[in-house]
Amino acid sequence: MRKWPDVQIKYKGDDDVKRYLFWIIMITIVLPNFVIASTIANIPVGKWPSVIGINPKTDMIYVANSGNNTVSVINGKNYCEVAVIPVGSSPISIGVNPVTNRVYVVNFHDNTISVIDGTDNYVIATIPLSITEYYPAGVSIDSSRNIIYVTNSVGNTITVINGNDNSIITSAQISSGLSGAWGVAVNPITNIIYVTNHDQNIVSVISGKILLSTLGYSNSLILSNVLVGEQPGTIAVNPYTNTIYVTNWKNGTISVINGTNNSVIKTLHVGNNPDGIAVDTRTDIIYVSNWGSNTVSVINGKDNSILKTIYVGRGPWGICVDQNKNIVYVALEGLNMVKAIRGFGTMK
């Protein structure tokens, strides 16, 4: 049995009171919700695995290894790496279209997108981006329309790609300023795109219909700019509840946005440097990887409360969830591996 430190209550100074309050909070609030991951498998991958995506139809997991410019392909049936695919320089984001079985890899320093055929696991196209809009950062896919959205951190723009022929449809500036666009997510039901700007601490709400119809900038393109926490990065959407979740890197929080009126309805304190985020729409559970705390925060989407904090290992970065099997995959940058753990919640 764990023996807790003796806590002596003193009232001689502020330091004693602070120590007393610290242990009260730890014993009653933090530690009861802190658990060690229920590990299914530890899977070695390439150097500095950053982001991770899954095709639930094929049960294949794709990991961008930013340290050696490759993508590891993991078979979810036996948790083994089955292929290593060379891509561009510094892959930092991955999007998977389960309908077409195509994987889109954002190469930060190459200013390109690598397109992978998920059937044979090889690069079938490399899409060059504009030389004036570079350092691409995020990618999101509207699989119902076969449209790919890519953010460009320098230029502060969003590039729209046609998944049928890998051609660039348009590119548009999404907010004032010359840089900062980072994470991107799309709600395919409402056809609304959400883009984080880590320089301005906002989320830009963009009309997908207007973006495609105007083929460029329009005064009506930006529906709203929502103020969130400091240095917002990754963003995810639950299309069925029309709720958006934003990781705020600098102040260790998650901003929860109501997609109906584009307002922040809650701010949750998670671990240090939250980066990856994944939504399980079947259980309405959200998973957040906290790079600076070596943990994953588990959020109940029904009331936006923190259910658990899971210790997973050094440097958790990207995260994704297999909704069919209720398994969560976490890319551990500090250990050069992917950890598969059991998810939380009950399947609907």
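Q: Any chance you could explain the overall build of the protein here in plain terms?
A: Assigned secondary structure in the protein consists of two helices and 29 strands. In the protein, which comprises 348 residues, the proportion classed as buried is 54%. Considering only contacts within the protein whose residues lie at least 6 apart along the sequence, 43% involve residues at least 24 apart.

Q: Before we go on, may I ask you to explain the sheet that holds strand β15 (residues 181–187) in this structure?
A: Backbone-to-backbone hydrogen bonds join strands into a sheet, with any given pair of strands oriented parallel or antiparallel. Ordered in space as β15-β16-β17-β18, the four strands form an open sheet in which the pairing is antiparallel. Every other strand in the sheet has two partners, leaving β15 and β18 (222–227) as the edge strands with one partner each. Each strand of the sheet is rotated relative to its neighbour by a mean of 20°, with strand direction disregarded. As paired strands, strand β17 (residues 202–207) and β18 are joined by five bridges and run antiparallel to one another. Paired with Ser204 across the two strands is Asn225, which belongs to β18.

Q: Please clarify how the pattern of salt bridges should be interpreted in this entry.
A: Side chains carrying opposite charge are able to pair once their charged atoms draw close together. For the structure on display, the rule yields four salt bridges. Notably, a salt bridge pairs Lys325 with Asp59, separated by 2.9 Å at the nearest N-O pair. Of this pair, Lys325 sits in the loop between β27 (316–322) and β28 (327–332) while Asp59 is found in the loop between β3 (49–55) and β4 (60–65), placing the two residues 266 residues apart along the sequence. Residue Arg102 pairs with Asp117 through a salt bridge whose shortest N-O separation is 3.3 Å. Here Arg102, found in strand β8 (residues 102–107), pairs with Asp117, found in strand β9 (residues 112–117); they are 15 residues apart in sequence, far enough to count as distant. Accessibility expressed as a relative area gives 25% for Arg102, which makes it partly exposed. Here Asp117 falls in the buried class, since its relative accessible area comes to 9%.

Q: What exactly am I supposed to notice about the confidence of the model for the protein here?
A: Keep in mind that low pLDDT regions are not for reading the predicted coordinates in detail. Of the residues in the protein, 86% reach a pLDDT of 70 or more, and the chain-wide mean stands at 89. Counted against residues more than four places away or in other chains, residues 1–12, with its pLDDT under 50, gives eight contacts.

Q: Hey, could you run me through the sheet that holds strand β19 (residues 232–238) in this one?
A: Read across the open sheet, the four strands follow the order β19-β20-β21-β22; overall the sheet is antiparallel. A strand with exactly one partner marks an edge of an open sheet, and here the two such strands are β19 and β22 (263–269). Across the sheet, the mean angle separating the axes of adjacent strands is 20° when strand polarity is ignored. Note that β19 and strand β20 (residues 243–248) share five bridges and pair antiparallel. Bridge pairing in β20 links Pro232 to Asn248.

Q: How do you make sense of the side chain of Asn191 when you look at a structure like this?
A: Relative to the helices and strands, Asn191 resides in the loop between β15 and β16 (192–197). Assessed through its relative accessible area of 12%, Asn191 is described here as buried.

Q: I tried to follow the packing of aromatic side chains on my own but got confused; where do I start?
A: For any pair of aromatic rings, the description rests on two quantities: the centre-to-centre distance and the angle between the ring planes. A complete count under the given rule lists four aromatic pairs for this structure. Taking 5.2 Å as the distance between ring centres and 75° as the angle between the ring planes, the aromatic pair formed by Tyr134 and Tyr135 counts as edge-to-face. One aromatic cluster is present, formed by Phe108, Tyr134, Tyr135 and Trp182 through successive ring pairs. It is Lys47 that lies over the ring of Trp48; its NZ or CZ is 4.6 Å from the centre.

Q: What is the right way to look at the pairing of β19 in this model?
A: The side chains of a regular strand alternate, first on one face of the sheet and then on the other. With six of seven residues buried, β19 is to be regarded as a mostly interior element. Hairpin connection from β19 to β20: four residues lie between these consecutive antiparallel strands, with Asn242 at a positive phi of about 55°.

Q: Would you explain unusual backbone geometry in this entry?
A: Unlike most non-glycine residues, Asn262 shows phi in positive territory, near 55°. Its place among the elements puts Asn262 in the loop between β21 (253–258) and β22. Its relative accessible area of 18% is what places Asn262 among the buried residues. Not every positive phi belongs to a glycine, and Asn273 is a case in point at roughly 50°. You can see Asn273 is positioned in the loop between β22 and β23 (274–280).

Rules used in this analysis
Residues numbered from 1 in each chain as written. Predicted model: local features only at pLDDT ≥ 70, side-chain atom pairs only at ≥ 80, totals over all residues. Heavy atoms only, no water. Helix = DSSP H or I, 4+ residues; strand = E, 2+ residues; numbered from the N terminus. Buried < 20%, exposed > 50% of the residue type's maximum accessible area, 1.4 Å probe, protein only. Contact = heavy atoms within 4.5 Å. Pairing = 2+ DSSP bridges. Axes fitted to C-alpha atoms, helices over the stretch in contact; angles between N-to-C directions. Salt bridge = Lys/Arg side-chain N within 4 Å of Asp/Glu carboxyl O. pLDDT = per-residue confidence, 0-100. Phe/Tyr/Trp six-rings, centres within 6.5 Å; stacked < 30°, edge-to-face > 60°. Lys NZ or Arg CZ within 6 Å of the ring centre and 35° of its normal.

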